[in-house]
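Close look at the chain arrangement
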Amino acid sequence: QSYLDASTDEFSLSLALPARCWHAEFAYAGRNAYAALLALAPPDTFDFVSLQLYESWSRAGCMLSRHRLPLGAYLALLVGEMRRGWRVGFDREPSLGLRNRSVAVPADRLLLGLANGWAGEGGKALFLPPAEVGRAWAALPVRPRGLMFWDIADEGRAPAGGGGPPLF
């Protein structure tokens, strides 16, 4: 999620930066590195863009766990930010030759990336129970294109920590 983060104009090609919202000791976050791909590519290049909410110590995890934002409210905020677009400070990386500009991901191209059985509740990778996701999804005023999961090798596995039935 830090590689395409509508909550900040920060930009860097490095993927070895501290997490922004929490756990600054985690040094594998990005700063809108994927935004450069959106800025450089013609508008209809990508059929979908997956936003990895399961990233270690993600903004989503912080907003839900640390700031106690309800899932439905957070997803509505996130989809809205992505659709409206945000300004990115590309001038922080002069080698790209990009001027600062706005990038956006239309809702019909946005996939929200969720963790499946490999992630446990309360860990560094955000785990969202399927029933909670279903309730939040049903209440979204504007829905993204869909959901994607990481990774297929863990399909059918119960959530880490023994928290329930297998997830498919």
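Located above this text is the structure these notes cover.
An account of the accompanying structure is given in this report. In this text, all values refer to a predicted model and were calculated from it rather than measured experimentally. (Residues numbered from 1 in each chain as written. Predicted model: local features only at pLDDT ≥ 70, side-chain atom pairs only at ≥ 80, totals over all residues. Heavy atoms only, no water.)

So, the nonpolar core
For soluble globular proteins, the rule of thumb is that nonpolar side chains tend to be buried together. Counting 34 residues, the largest nonpolar core has Leu 4, Leu 53, Leu 75, Met 82, Phe 90 and Val 103 as its most contacted members. Of all the secondary-structure elements, those providing two or more residues to this core are helix H1 (35–40), strand E3 (49–52), helix H2 (59–66), helix H3 (71–84), strand E4 (86–88), strand E6 (110–115) and helix H4 (130–139). In terms of residue count, H3 provides more of this core than any other element does, six residues in total. In this view, Phe 90 contacts Phe 11, Ala 35, Ala 36, Ala 39, Leu 98, Arg 99, Asn 100, Arg 101 and Val 103; residues no more than four positions away in its chain are not counted. (Core = buried A, V, L, I, M, F, W, Y, C linked by side-chain atoms within 4.5 Å. Buried < 20%, exposed > 50% of the residue type's maximum accessible area, 1.4 Å probe, protein only. Helix = DSSP H or I, 4+ residues; strand = E, 2+ residues; numbered from the N terminus. Contact = heavy atoms within 4.5 Å.)

Overview of the packing of aromatic side chains
Inspection of every chain in the model, using the stated rule, returns six aromatic pairs. Ring centres of Tyr 54 and Trp 150 lie 6.2 Å apart, and the angle between their planes is 20°; this geometry places the pair in the stacked category. Pair noted here: Tyr 54 is in the loop between E3 and H2 and Trp 150 is in strand E7 (residues 146–150), with a separation of 96 residues, a long-range link. For Trp 150, a relative accessible area of 48% gives the class partly exposed. By the ring-pair criterion, three or more aromatic residues cluster together here, those being Tyr 54, Trp 118 and Trp 150. (Phe/Tyr/Trp six-rings, centres within 6.5 Å; stacked < 30°, edge-to-face > 60°.)

Some details on the packing of H2 against H3
Taken N-terminus to C-terminus, the directions of H2 and H3 make an angle of 145°; their axes are 10 Å apart at the nearest point. Crossing of H2 over H3 shows right-handed handedness. Only Leu 71, Tyr 74, Leu 77, Leu 78 and Glu 81 of H3 make contact with H2, whose side of the interface consists of Arg 59, Ala 60, Met 63 and Leu 64. When its residues are assigned to classes, the contact of H2 with H3 shows seven nonpolar, no polar and two charged. (Axes fitted to C-alpha atoms, helices over the stretch in contact; angles between N-to-C directions. Left-handed = near helix turned anticlockwise from the far one by under 90°. Nonpolar A, V, L, I, M, F, W, Y, C, P; charged D, E, K, R; others polar.)

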